[in-house]
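The chain contents come next:
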Amino acid sequence: MSIIMSTKSSLKSLLQKGENEHNPLTMSDEQILEQIYSTHVHSDTKFDVDSLFTLVENTLRRSTHIVDNLVQGSHASLEHIDDKIPQFNSPLCTLKQISFEMSCKPPSEEIGHRTTLAILNKLSNYEWDAKAVLTLAAFALEYSEFWLLAQYQPTDPLAKSVAILKRVPVLAKPAALQKHRQAILEVNNLVKATLQVIEVIFELEKLTTYDTKDVPALGLAIEQIPVDVYWAIITIVAVVTQIDCLTTDSEHKQELSHYGQKINIILSKLRKQITLCRQQIDEAEYYRKLRKLFQTPTEIMEVFKVLIFNKDAPQPLFDGATKTKVDITVLKKKNVYLFISSLDITEEEISVLRPVYDSIKTNDQYKIVWIPIVEEWTEQLHKKFEVLKSKMPWYVVQHSGTIAGYKYIKEEWHFKKKPMVVVLSPQGKVQHSNAFHLIQAHGTRAFPFTTLNEEQINRENDWVGPVLGGIHPSISTSIKEQKYIFFYGGNDKDWIQQFTKYVTALANDAAIKEAKISIELFCVDKEDKSLVRRFWSGIESLFVTKVHKQADAVTQEVQKMLSYKNETGWSLLSKGPSVVVSGHGTTILKTVAEFEKWKEVVIKKGFAVTFKEYHQKIVGTTHRCSHLEIPNVAGKLPETIKCSDCPRVMEIFISYKCCHNENTANAIH
């Protein structure tokens, strides 16, 4: 007995499994795709699907209106729209075959699924949108004829005879309309929703001329179209079955609510996809327009207008010097420095441009404009913006929304929240994609801050004066007097004490004094934090200006210095503006500590040569890894960097840092 029960249970389970595999309401999109793709043949079948859809849309729009009027008992007319009737050879035989497949089927989700697959097999050579429209057209022929007869049967004998053959009176008589009112409205509304789904699928198909790289949402939407077409067709099949049930007074009815829910979900999803696709298309076209503007000579004001506002009405600029609003025409035929930053900019970063402003404020051919980059404005950010604006003497963009060219600035100019300066000619041509580091490293001597100026400065060998001379008055004097200067610092206070002790002894040694060698000491990390930041900002900016250039001695020196930034100790020895040597705390401390071993050679060879040779000797017997942390500056960083201590390419590591320092972030609050 138990064996029989077990066998029956297994058989029932297998039957249920078989039913579930053909019940669309329990199938996943992946399962549906797997089955419908086997019905599809990729071919070059040409078909005027647009004309057919126009006819179907006209037909169903008017027939559903007739239904609404009959059921509601009203005489409302469609708004006056001239239907476009295209010249078109109807694929009548195909439509009749589809109609035959759908007609007179008992209500069942599984039967509806098999009917849909049969229709898809008949239409295997057509594209997915054409499959949907042909099925809808086959339905429209029957549906529109049915309700057209219902409208004219009371007054036209021929219409009445044909209506009886079509069983129209079963639904069209007032009593029948009242009895089946809810069911008829449900059918009519589902027809309208399905028409809308196919209409949106059509819109999506028309967008396939665009590259999905530009419109990523389009790629995802197109992938889903076969499943959406499947649901449109099976819904039409279910509607035909329900009409058959109603006109034959069958006890059984087709349940349509599940299809209604599914179709409305698909319609909502498709509309969102269309909206997103159009938005991405607008962005892509705007991006191309902006790129073209920067590549072809254009008036700077027009370029600026498109970059900031695009289609929005241009807003006046704020003039920080006069605290008034001015029209953007003040930029006409001017060289413009676009100062681009987030609202996390510091006082020190703003101060980088002040010398530039002071030098050009009497020269009407050059203008600075601050472009604040904010993705989403809040009341707090508006307040912060007002504080920052008050600290800038140049022009400021006042735009309550996101800057139109934000994506372009981020992708083409590699904006990474950090300040940058894009130099534009009066014709809107980019003269430098980011001159901020050039300005920070060299100041106004690099004016007018074009790539040509940068190349000229990069050919210079002496960088200590331009980069470090301005951080403290005493340094500038020592550099001019051609003195030796030991710059040093580090994270280890004990190391700093040790180095200070040994280097002070060296500087005051009788042999050094007798040789009239003047040595100054400058401990960077014993100064205030602002000076320390300016010191390393200058080094970092110089590195950024050189990192893409061919490696030379200066680039290696700067890179080496940057690699010491977070070490226990480091030192840079210069003679006036020229670097003698730089070293890690381990090797440089040992060099000065062992001064007695090499001081006799100083008299013969000179201090610079002797110090450099002895330090190199110690480096040769010392092994350490070279670490380089590159700040997240605006601009494109190189994919590979060669080590400054050996010819190998450095390994790449990602480093994240937090100084837990609110003062820095909120310096301008």
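Residues numbered from 1 in each chain as written. Predicted model: local features only at pLDDT ≥ 70, side-chain atom pairs only at ≥ 80, totals over all residues. Heavy atoms only, no water.

### Some points on the overall build of the protein chain
A count of helical and extended segments in the protein chain gives 29 helices and 11 strands. Expressed as a percentage of the 669 residues in the protein chain, the buried residues total 48%. Nonlocal contacts in the protein chain, meaning residues at least 24 apart in sequence, comprise 72% of its contacts between residues at least 6 apart. Here the protein chain has roughly 34,600 Å² of accessible surface; of this, 52% comes from carbon and sulfur atoms. (Helix = DSSP H or I, 4+ residues; strand = E, 2+ residues; numbered from the N terminus. Buried < 20%, exposed > 50% of the residue type's maximum accessible area, 1.4 Å probe, protein only. Contact = heavy atoms within 4.5 Å. Areas by Shrake-Rupley, 256 points an atom, 1.4 Å probe, with all protein chains shown as cover.)

### Structural notes on the pattern of salt bridges
Scanning all chains against the criterion turns up 25 salt bridges. When the shortest N-O distance is used, the salt bridge between E302 and K305 registers 3.6 Å. Of this pair, E302 and K305 both sit in helix α13 (residues 300-308), separated by three residues, roughly a single helical turn. By relative accessible area, which is 33% here, E302 ends up partly exposed. In the salt-bridge network here, residues are joined through shared partners; they are E142, E145 and K166. (Salt bridge = Lys/Arg side-chain N within 4 Å of Asp/Glu carboxyl O.)

### Observations concerning the sheet that holds strand β4 (residues 366-372)
Backbone-to-backbone hydrogen bonds pair the strands of a sheet. The strands run either parallel or antiparallel. The strand order β2-β1-β5-β4-β3-β6-β7 describes an open sheet built from seven strands, whose pairing is mixed. Of all strands in the sheet, those with a lone pairing partner are β2 (324-326) and β7 (430-432), marking the two edges. With strand direction ignored, the average angle separating the axes of adjacent strands in the sheet is 35 degrees. Direction of pairing for strand β6 (residues 420-424) relative to β7: antiparallel, over a ladder of two bridges. Paired with V423 across the strands is H432, a residue of β7. Contacting β1 (317-319), β4 and β5 (395-397), helix α16 (residues 379-389) crosses the sheet at an angle of about 160 degrees to β4. (Pairing = 2+ DSSP bridges. Axes fitted to C-alpha atoms, helices over the stretch in contact; angles between N-to-C directions.)

### With respect to the pairing of strand β8 (residues 484-489)
Across the six residues of β8, six count as buried, placing the element largely inside the fold. Because side chains alternate across β8, one face comprises the buried residues Y484, F486 and Y488, and the other comprises I485, F487 and G489, equally buried. Pairing of β8 with strand β9 (residues 519-523) involves five bridges; the strand directions are parallel. Looking at β9, one finds that Y484 is bridged to I519. Sheet topology places β8 next to strand β10 (residues 570-575); six bridges connect them, and they run antiparallel. Bridge pairing links F486 to L573 in β10.

### Considering the sheet that holds β8
Read from one edge of the open sheet, four strands run β9-β8-β10-β11, paired in mixed fashion. Only two strands of the sheet have a single neighbouring strand rather than two, namely β9 and β11 (578-584). If you compare each strand with its neighbour and ignore which way they point, the axes differ by 15 degrees on average. The strands that helix α22 (residues 493-507) touches are β8, β9 and β10; relative to β8, the one it contacts most, it runs at about 170 degrees.

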